[in-house]
Amino acid sequence: MRPLPRPTVRPAPTATGAVAAAAALALCLLAPGARAEAAPLDGPATAGPATTASATTTTATTATTTTTATTATTTTTTTATATPLVTWSMDSSGGVVRDGTSGLTLGLQGRWTQLAGAVAFGAATPSLGVSDDGGRLSPGTADFAVAVTMTTASVPRGQGYSPNVVQKGFASSGGQWKLTLRPTSGGTRAACRFEGRSGSVLVRDSAGGRLDDGRSHVVACWRAGGVLGVTVDGRSTQLRRDVGAISPRTATTVANKRADAGADDQLVGSVACVAMALGAGSRDLALSRAGC
């Protein structure tokens, strides 16, 4: 005999199911167009704090910069530099020494002898070099310098003997610059005479050495500003004196003052070079060219 089937037992509706069924029934009974707001699954809706958007007002400040343009006015002072006036390298041709730059010549007169790179002047009769340069070698009020490379071994003492190496102008005749030799108890020394419209002065060397030793020496007379000086082999003696404009118009001469001069003004020795410069720095320029 076959067993009878077991009856199916359905569980009774729970309270939760009843609530859900009632909710469904209520939904069906709502008026048309109505909406049901469902509560969130994690609990009732909580009103959070209100968020206030703060509006930040930015004030743009425009900085106005005033630029003042300053114009610097530069005054340029042009300082005159030294200019060579003449350079006579004592290599004569036909009794004439020429300077190719200035065009000035030095004519040899009397008894003289051409040596290698120098002219020797003697004492038997006046012997000298003469340049009729007019006023071209007159410095006026400007700085200037004249430098000579020379040799001498015989300079007699006494009787006012003072041989002239190079000069322009004469005493008390409108101005003069002159390089001369002065015998002393310690040997022959150089001296420079300056005469202008405001007076005259003789600057005697006290820094260099004796010149009557048969050796070659470089000697210069110069003016720089209000200072007058003599330089012997790089050593200078100077003094401050304003003699004014030096503007002689006579010829420039070497080894004596003129062709009819006496023996007391005669250089007995040789001259290898004569260089003259004008303007600021003329002493250094003339000395640098004195080797010819």
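Residues numbered from 1 in each chain as written. Predicted model: local features only at pLDDT ≥ 70, side-chain atom pairs only at ≥ 80, totals over all residues. Heavy atoms only, no water.

(A) Up close: the sheet that holds strand β8 (residues 164–168). Strand order in this open sheet of 8 strands is β2-β3-β6-β15-β8-β9-β10-β11, and the pairing throughout is antiparallel. Either end of the sheet is taken by a strand with one partner, and the two such strands are β2 (96–98) and β11 (199–204). Pairs of neighbouring strands in the sheet enclose a mean axial angle of 20°, with direction left out of account. Where strand β6 (residues 128–131) lies against strand β15 (residues 252–254), 3 bridges are found, and the strand directions are antiparallel. Across the sheet, the residue bridging to Ser-131 is Thr-252, located in β15. (Pairing = 2+ DSSP bridges. Helix = DSSP H or I, 4+ residues; strand = E, 2+ residues; numbered from the N terminus. Axes fitted to C-alpha atoms, helices over the stretch in contact; angles between N-to-C directions.)

(B) The arrangement of the packing of aromatic side chains in detail. Taken as a whole and assessed by the stated rule, the structure comprises 2 aromatic pairs. With a centroid separation of 6.4 Å and 45° between ring planes, the pair formed by Phe-144 and Trp-177 is classed as tilted. In this pair, Phe-144 is assigned in strand β7 (residues 144–152) and Trp-177 in strand β9 (residues 176–184), connecting sequence segments 33 residues apart. Residue classification places Phe-144 among the buried positions, given a relative accessible area of 0%. Ring centres 6.3 Å apart and planes at 70° place the aromatic pair Phe-144 and Phe-194 in the edge-to-face group. Placement of Phe-144 in strand β7 and of Phe-194 in strand β10 (residues 187–196) is noted, with a sequence separation of 50 residues between them. Aromatic ring contacts, followed pair by pair, group Phe-144, Trp-177 and Phe-194 into a single cluster. When the ring centre of Phe-170 is taken as origin, the NZ or CZ atom of Arg-258, which lies over that ring, is 5.5 Å away. The ring of Trp-222 is capped by Arg-283, whose NZ or CZ atom sits 4.6 Å from the centre of that ring. (Phe/Tyr/Trp six-rings, centres within 6.5 Å; stacked < 30°, edge-to-face > 60°. Buried < 20%, exposed > 50% of the residue type's maximum accessible area, 1.4 Å probe, protein only. Lys NZ or Arg CZ within 6 Å of the ring centre and 35° of its normal.)

(C) Quick peek at the side chain of Asn-256. By the element assignment, Asn-256 lies in the loop between β15 and β16 (269–278). In this structure, Asn-256 is in contact with Pro-126, Ser-127, Leu-128, Asn-164, Ala-261, Gly-262, Asp-265 and Gln-266, ignoring residues within four places of it in sequence. (Contact = heavy atoms within 4.5 Å.)

(D) Just the side chain of Asp-143, in detail. Note on placement: Asp-143 falls in the loop between β6 and β7. Here Asp-143 sits buried without a salt bridge, and the closest side chain of opposite charge, Arg-223, lies 5.0 Å off (N-O distance). Within the structure, Asp-143 has its side chain in polar contact with the backbone nitrogen of Gly-225 (distance 2.8 Å). In contact with Asp-143, not counting residues within four places along its chain, are Arg-223, Ala-224, Gly-225, Leu-278, Gly-279, Ala-280 and Ser-282. (Lys, Arg positive; Asp, Glu negative; His and termini not counted. Salt bridge = Lys/Arg side-chain N within 4 Å of Asp/Glu carboxyl O. Polar contact = N/O pair within 3.5 Å; in protein donor to acceptor, adjacent residues only side chain to side chain.)

(E) Here's a closer look at the environment of Trp-112. Following the sequence through the fold, Trp-112 ends up in strand β4 (residues 112–115). When its relative accessible area of 26% is taken as the criterion, Trp-112 is described as partly exposed. Distance in space between the C-alpha atoms of Trp-112 and Ser-270 is 9.3 Å, their sequence separation being 158 residues. Residues in contact with Trp-112, not counting those within four places in the same chain, are Ser-92, Gly-95, Val-119, Ala-120, Phe-121 and Ser-127.

(F) Representation of the nonpolar core within the structure. Grouped together as the largest cluster of nonpolar side chains are 41 residues, with contacts concentrated most on Trp-88, Met-90, Leu-179 and Phe-194. Apart from the residues within four sequence positions on either side, Met-90 is in contact with Val-97, Leu-106, Leu-108, Gln-114, Gly-117, Ala-118, Val-119, Phe-121, Val-271, Ala-272 and Cys-273. Formed by 8 residues, the second largest nonpolar core is a distinct cluster that contains Ala-147, Trp-222, Ala-277 and Ala-286. (Core = buried A, V, L, I, M, F, W, Y, C linked by side-chain atoms within 4.5 Å.)

(G) Layout of the confidence of the model for the protein. A residue-level look at the protein finds 71% of positions with pLDDT of 70 or above and a mean pLDDT of 78. For residues 1–5, every residue scores under 50 in pLDDT, and the model assigns this stretch 0 contacts once sequence neighbours within four places are set aside. Within the model, the stretch residues 7–79 combines pLDDT values under 50 with 1 contact to residues more than four positions away or in other chains. (pLDDT = per-residue confidence, 0-100.)

(H) How the structure looks around the pattern of salt bridges. Per the stated rule, a full pass over the model turns up 7 salt bridges. Put simply, Arg-189 and Asp-205 hold a salt bridge, and the shortest N to O gap is 3.2 Å. Residue Arg-189 is found in strand β10, and its partner Asp-205 is found in the loop between β11 and β12 (217–224); the two are separated by 16 residues along the sequence. We classify Arg-189 as partly exposed; its relative accessible area is 24%. Between Lys-257 and Asp-265 there is a salt bridge, and its shortest N-O distance comes to 3.2 Å. Take Lys-257: its relative accessible area is 24%, and that puts it in the partly exposed class.

(I) View of the state of the cysteines. The tally for this structure, following the rule as stated, stands at 2 disulfides. Bridging Cys-192 to Cys-221, the disulfide has an S-S length of 1.9 Å. Taking the sign of the torsion about the S-S bond as the criterion, the disulfide between Cys-192 and Cys-221, at about -85°, is left-handed. One end of the pair, Cys-192, is in strand β10; the other, Cys-221, is in strand β12, and 29 residues separate them in sequence. (Disulfide = S-S within 2.5 Å.)

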